[in-house]
Amino acid sequence: MPDTGTSDAFVAFERVQKSYDGETLVVKDLNLNMPKGEFLTMLGPSGSGKTTCLMMLAGFETATHGEIKLDGVSINNIPPHKRGIGMVFQNYALFPHMTVAENLSFPLEVRKIGKSEREKKVQRALDMVEMGAFGGRRPAQLSGGQQQRIALARALVFEPELVLMDEPLGALDKQLREKMQFEITDLAHRLGITVVYVTHDQTEALTMSDRVAVFDDGRIQQLAPPDQLYEAPENSFVAQFIGENNTLEGVVQEVKGETCTVKLDHGEIIEAKPVNVSKAGERTRVSIRPERVEIDKSRLGENAHTLKATVREFIYMGDIFRTRLSVAGNDEFVIKTRNAPDQVRLRPGQEVEIGWMPEDCRALDAT
Amino acid sequence: MTDATGADKFTGPTPDNALRQADAESGPVLAADGTPLKKSLGRALRMQKIRALALIAPLLIFVLVSFIAPIADMLFRSVENQIVSETLPRTTEALGSWDGEGMPSEDVFEAAYYDIFIAAENRIHTRLGSRLNYELTGASSLFRRSGRGLDDIGEVYQDQFEDLDENWDEARPWAEIMGSEDWIAAQEEWDAADEEGGMPRFQLREGAATAFPNAAQAYLTFARFTQTEDEDSPLEEEPWSMVHTALYQDLAAEDYASYDGPRAGMVQAADELVASPDFQTVTFADGFAEIDEDWATPEIWQTIKLYSPNYTSGYFLNAVDMQLTPDGAEARDADEQIYLFLFKRTLFMSLVITFSCIALGYPVAFLLSNLPMRTANVLMILVLLPFWTSLLVRTSAWKVMLQQQGVINDVLVWLGLVADDSRLVMINNQFGTIVAMTHILLPFMILPMYSVMSTIPPSYLRAAKSLGATNWTAFWRVYFPQSIPGIGAGSILVFILSIGYYITPEIVGGTTGTFISNRIAYHISTSLNWGLAAALGSILLVVVLLLYWAYDRIVGIDNVKLG
Ligand SMILES: Nc1ncnc2c1ncn2[C@@H]1O[C@H](COP(=O)(O)OP(=O)(O)OP(=O)(O)O)[C@@H](O)[C@H]1O
Ligand SMILES: [Mg+2]
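For every chain, the first residue of its written sequence is number 1, and the numbers climb from 1 along that sequence. Chain A is the first chain written and ligand 1 is the first ligand written, with later ones labelled in order. Reporting of local features is limited, given that this is a predicted model, to residues whose pLDDT is at least 70; pairs of side-chain atoms are given and counted only at 80 or more, and all residues count toward the totals for whole chains, interfaces and linings. Excluded from the side-chain calculations are hydrogens and water; all other atoms, namely the structure's heavy atoms, are used.

Student: Quick rundown of the UniProt feature "transmembrane region" (unreviewed entry) in chain B? Include the residues and the values.
Tutor: Residue and element names in this part refer to chain B. Residues annotated in UniProt with the feature "transmembrane region" (unreviewed entry) correspond here to residues 52-72, 347-368, 375-393, 431-452, 484-503 and 530-551. The span residues 347-368 is 100% helical and 0% strand by assignment, and the distance between its end C-alpha atoms comes to 30 Å. Helical segments are the DSSP runs of H or I of at least four residues, strand segments are the runs of E of at least two, and each set is numbered from the N terminus. Overall, residues 484-503 shows 85% helix and 0% strand. The separation of its end C-alpha atoms is 30 Å. UniProt positions are given in the numbering used here, feature names are shortened, and annotations may be inferred rather than shown by experiment.

The structure is reproduced here in structure tokens:
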């Protein structure tokens, strides 16, 4: 579904840079194209520039360099109130001196929409977030989740084509957050709006988005659909940041087409899939997902790779077993096995042989 | 509208219901040791309360002593009026039966003669004079003159008695007629010992008070006064002429042929003299008229009668341009009215100053709260800078700026905007007061505004803009309503400060730019009419409280925040 062609992109960042103080670049060379109707999530550690990107798109910060286009038109010089972008703020920013209904009718009033139509739209928006009976309340009289819904309704009530959300669920508890995640994606797809969503919760990013942009250090490290991001991380930052990950450090000995050999610092030699290593002698970090490691060799194919390991810890987690091992000098090597009737339960101190398929083992950059 | 957190509508075993049920079944909840829970909680909290009280005690005492007590005293002074009845006890009593029409009777003059004579000896008659002068112009000099003049009445009798018998002008015979033998003996002993203090207290001889109803009383007053105030021996001081007057009254009223007390011959001779047709007398009314014509007019007596109660509404009536007359409260003549006008001017100018402060302070506070912390702090110091210079210096600086030969006029003349011979008058009038006070009170407006504004997150403005509002709409519909508590707090501060301001209007206000507080200060320190000053101050206090109440009704006091 995602179409990254520049020509018909609905939202486009072109070589955008941003500096607040004139000394450091907070956003470095950002390029991003979003088609209409996409749900894109910006994911990244704190301070990586996500909010800054959002603010530039909304018009509250100006790009130091580069161009931001909306529907093919550069919006660099359009003031925020003329951009027609809906926005949900991290702290909701519901106006405390207005009732819920007044909050919702505010964007319609400034658009000079007639009273009766305004009321109709406000009621529809409230019903949409299942808050129809709360129009007369003040924001302070609502719970966190209710405020969140009102903020969402307010951002949608004037029917913008693009909605920005900056960590809108950050203040909610886990259960409510999961419920709201579903409601937001459902609404977005039903209304066909384009959403740029900011979070630093990776589960949220993976479950909600069409595509995820992983931010670090002012750059997009990888822009891909969730499955691709998880299974085929393009660099070791993304591999580390998304999901759980085992790493083994070593030096590339030989690159041969789709495989390479890596000599681990501990001495073992293993095969891996070269992702961003190109030549022999490069340092690399080999990454294997815990659930791709097997202790039962019969489940693996012919050319599976095996290593000796010592069990350090066994944790029963209900649906899965999580076992921590010492592998090639790494004491934090984790494997996850399904809680099946025939699954063995390892004991600390036990010596085992673990194995994986070379294509699940990705040789990434060492930094 | 549904209420998610309303009272339980369930009758089942919810925790709340369980508690209620327990309450209903077993009475009060008991603590572990069996005492009612409320009681043991109260005991546990008592220590905390005592500690809290001990912590605030120094401030509480300080406030009580230096703030509450003076205010209470001031409120009391504005109605207190004991000076008249204390200084003229007999007169006020005698005036009680006077209907206020025409001249009072001879009884009143007689009472006034003794009262004023004693007051004059105590040197408190001038104080009463000043007090009555607030109500009747000329009372002060009238009393001052009368203090000296009343001797003229007594001397009429004193001289005649003295001509009859030298002894009437001696101390010793008087003491023997009036004093008890024990006292005379003790006093003689004391005189001989020539010590300090511990003089035996004068005692009337048994029978003296019945023999000489007036003179004994007068002599008693004289003797006690001589002993305590002058610290002299009554055995060596000839009595006041007042005592002779009293003696004359006694001799004229009764026959002393059968008098057998000390110095009977002397007394009987005097009695015969008084009875003889040659004896000269003078009525008290004539005596007073002799001293000053004003005593022969009803006004002074009416004034004394009006102000004889211990408490009076006179000060308050004065403070609202009215006066007490025998027919009740009446408005003063238009050309004597001053205080109501001053109150109005004070309120008006305070409002103008408050609004000027809002107009000037709001943009500054807005700017401050939207700047980065460091810049804001530097600018804040500039706002607070005026606090570091003395109020007097700042006010005087405005004098330099605004006067006709001052900086601003010079610049205007130099620019050719104003002709040299028609320089603007900007000082010693309302304009000067408003300018200087706006400047001085501005920080009190900016600080609360700033502290409220800096709690308004910038995301509200951003949210409004993202919803399509222009900068102005976003400000007016979203930011401004949230900054109102700051405006409210600043306005209350500035208004209340300015309504009682004194120094600045005094220096730059001239005659048209002064406040009611300047008038209060005048009465406190110059005219010494503290009662009126207290009444004016009380009215000011009530006005402020009323305005505060009105503000609460209109804006709501919850809408005032200092941050
Ligand atoms: N107004 C500002 N002035 C100066 N520096 C800023 C400003 N806003 C953000 N920064 C800096 O820019 C960098 C990126 O900030 P940004 O708010 O975009 O991060 P973020 O990815 O949204 O982080 P988070 O997940 O914590 O919200 C940070 O280092 C931050 O300190
Ligand atoms: Mg952020």
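Student: Can you explain the confidence of the model for chain A? Please cite residues and give values.
Tutor: All names here are of chain A. Confidence scores per residue from the predictor, reported as pLDDT, run from 0 to 100. Scored by pLDDT, chain A comes out at a mean of 89, with 98% of its residues at no less than 70. Looking across chain A, the model is least confident in helix 5 (residues 174-191), with a mean pLDDT of 88, and most confident in helix 2 (residues 100-109), with 95. In what follows, residue pairs with any heavy atoms lying within 4.5 Å of each other are defined as contacts. Across residues 1-6, where pLDDT falls below 50, the model places 9 contacts with residues more than four positions away in sequence or in other chains.

Student: Describe the pattern of salt bridges, naming the residues involved and giving the relevant values.
Tutor: Residue and element names in this part refer to chain A. Any Lys or Arg side-chain nitrogen found within 4 Å of a carboxyl oxygen on Asp or Glu counts as a salt bridge. A complete count under the given rule lists 34 salt bridges over all chains for this structure. A salt bridge links R322 to E244, with the nearest nitrogen and oxygen atoms 2.4 Å apart. Highlighted residues: R322 in strand 16 (residues 320-327) and E244 in the loop between helix 8 (236-241) and strand 11 (246-256), separated in sequence by 78 residues. We classify E244 as partly exposed; its relative accessible area is 27%. Across the pair D360 and R292 runs a salt bridge whose closest N-O atoms are separated by 3.1 Å. Burial classes: relative accessible area under 20% of the type maximum marks a residue as buried, over 50% as exposed, and values in between as partly exposed (1.4 Å probe, protein chains only).

Student: Give me the lowdown on the domain arrangement of chain A, citing residues and values where you can.
Tutor: Note that the domain bounds were set by an automatic or database domain assignment. When its domains are assigned, chain A resolves into domain 1 (11-231) and domain 2 (246-364). A straight line from the C-alpha centre of domain 1 of chain A to that of domain 2 of chain A covers 40 Å.

Student: Before we move on, can you summarise the UniProt feature "domain: ABC transmembrane type-1" (unreviewed entry) in chain B with the specific residues and values?
Tutor: As recorded in UniProt, the feature "domain: ABC transmembrane type-1" (unreviewed entry) lies at residues 343-551 of chain B. Between the end C-alpha atoms of residues 343-551 of chain B the distance is 19 Å, and the span holds 77% helix and 0% strand.

Student: So, the pairing of strand 13 (residues 269-274) of chain A: which residues are in play, and what are the values?
Tutor: All names here are of chain A. Each pair of strands is called paired provided DSSP finds at least two bridges between the two strands. Across 4 bridges, strand 12 (residues 259-264) lies against strand 13 in antiparallel orientation. Within the sheet, the bridge partner assigned to T261 lies in strand 13 and is E271. When strand 13 meets strand 19 (residues 362-364), the two strands line up parallel, connected through 2 bridges. When the sheet's bridge partners are listed, K273 is paired in strand 19 with R362.

Student: Run through the interface of chain B and chain A, naming residues and quoting values.
Tutor: Contacts between the two partners involve 20 residues from chain B, matched on the other side by 26 residues from chain A. A combined buried area of about 2100 Å² lies between chain B and chain A, and 64% of that area is made up of carbon and sulfur atoms. It is R462, L467 and R477 of chain B that lose the most area in chain B upon contact with chain A, and together they represent 34% of the buried surface on that side. Our enumeration of links across chain B and chain A arrives at 2 salt bridges. When the shortest N-O distance is used, the salt bridge between R462 of chain B and E61 of chain A registers 3.5 Å. Here a polar contact is taken to be a pair of N or O atoms separated by no more than 3.5 Å, where protein atoms must pair a possible hydrogen donor with a possible acceptor and residues adjacent in sequence count only if both atoms sit in side chains. Seen at the junction of chain B and chain A, the total is 4 residue pairs in polar contact (both at pLDDT 80 or more). Broken down by secondary-structure element, the contributors of at least two residues to the side of chain B that touches chain A are helix 23 (458-466) and helix 24 (471-499) of chain B. Joining two parts hides part of their accessible area as seen by a 1.4 Å probe, and the buried area is that hidden amount summed over both.

Student: Talk me through helix 10 (residues 181-193) of chain B; I want residue IDs and the actual numbers.
Tutor: Residue and element names in this part refer to chain B. Compared with the 18 Å implied by 1.5 Å per residue over 13 residues, the 18 Å span of helix 10 between its first and last C-alpha is a close match. Residues of helix 10 that are buried include every one of W183, I184, Q187 and W190, and no others. Viewed along the axis of helix 10, the buried residues span an arc of 130°, placing them on a single side of the element. Turned more than 90 degrees from where helix 10 packs its buried face, E181, D182, E189 and A192 sit exposed. Looking at the packing, one finds that the buried side of helix 10 touches helix 9 (171-178) and helix 12 (213-230). A positive phi of about 55° marks D194, the residue just after helix 10. A helix is expected to span 1.5 Å for every residue after the first. Directions pointing from the helix axis toward each C-beta atom define the arc.

Student: Describe the sheet that holds strand 17 (residues 330-338) of chain A, listing the residues and the values that go with them.
Tutor: All names here are of chain A. Overall, antiparallel pairing links the 4 strands, which are arranged 17-16-15-18 in an open sheet. One side of each edge strand has no neighbouring strand; the edge strands of this open sheet are strand 17 and strand 18 (351-356). If you compare each strand with its neighbour and ignore which way they point, the axes differ by 50° on average. Bridge analysis of strand 16 against strand 17 gives 7 bridges, and the strand direction is antiparallel. Bridge assignment links F321 to a residue of strand 17, and that residue is T337. Helix axes are fitted to C-alpha atoms over the stretch in contact, other axes to C-alpha atoms as well, and angles between N-to-C directions run from 0 to 180 degrees.

Student: Summarise the packing of aromatic side chains; cite the residues concerned and give the values.
Tutor: For Phe, Tyr and Trp, rings pair up if their centres lie within 6.5 Å, where Trp contributes its six-membered ring, and each pair is then called stacked (planes under 30 degrees apart), edge-to-face (over 60) or tilted (otherwise). Applying the stated criterion across every chain, the model contains 44 aromatic pairs over all chains. With centroids separated by 5.3 Å and ring planes inclined at 65°, the aromatic side chains of F225 of chain B and W240 of chain B adopt a geometry described as edge-to-face. Of this pair, F225 of chain B sits in helix 12 while W240 of chain B sits in the loop between helix 12 and helix 13 (241-253), placing them 15 residues apart in sequence. Of the two residues, F225 of chain B and W240 of chain B, both sit in the buried class. Here the basic side chain of K18 of chain A rests over the ring of Y20 of chain A, its NZ or CZ set 5.0 Å away from the ring centre. Ring-over charges, as used throughout, are those where CZ of Arg or NZ of Lys falls within 6 Å of the ring centre and within 35 degrees of the ring normal.

Student: Could you give an account of the environment of L307 of chain A, naming the residues involved and the relevant values?
Tutor: Residue and element names in this part refer to chain A. Looking at where L307 falls in the secondary structure, it is placed in strand 15 (residues 305-316). As for L307 and S116, which are separated by 191 residues in sequence, their C-alpha atoms are 72 Å apart. Ignoring sequence-local partners within four residues, the contact set of L307 consists of E268, I270, V327, V352, E353, I354 and W356.

Student: Which residues make up a positive patch on the surface, and what values go with them?
Tutor: Residues and elements named next belong to chain B. Grouping into patches uses exposed residues only, defined as over 30% relative accessible area, and leaves out salt-bridged ones; the cut-off is 9 Å for like charges and 5 Å for nonpolar side chains (Val, Leu, Ile, Met, Phe, Trp, Tyr). Using a 1.4 Å probe, accessible areas were evaluated by the Shrake-Rupley method; residue-level cover was limited to the displayed protein chains. Counting rule applied: Lys, Arg positive; Asp, Glu negative; His and chain ends not counted. Each charge is placed at NZ for Lys, CZ for Arg, CG for Asp and CD for Glu. On the surface, K39, R43, R46 and K49 cluster together into a patch of positive charge. With respect to the helices and strands, the residue K39 is situated in helix 2 (residues 37-77). The class of K39 is exposed, set by a relative accessible area of 53%.

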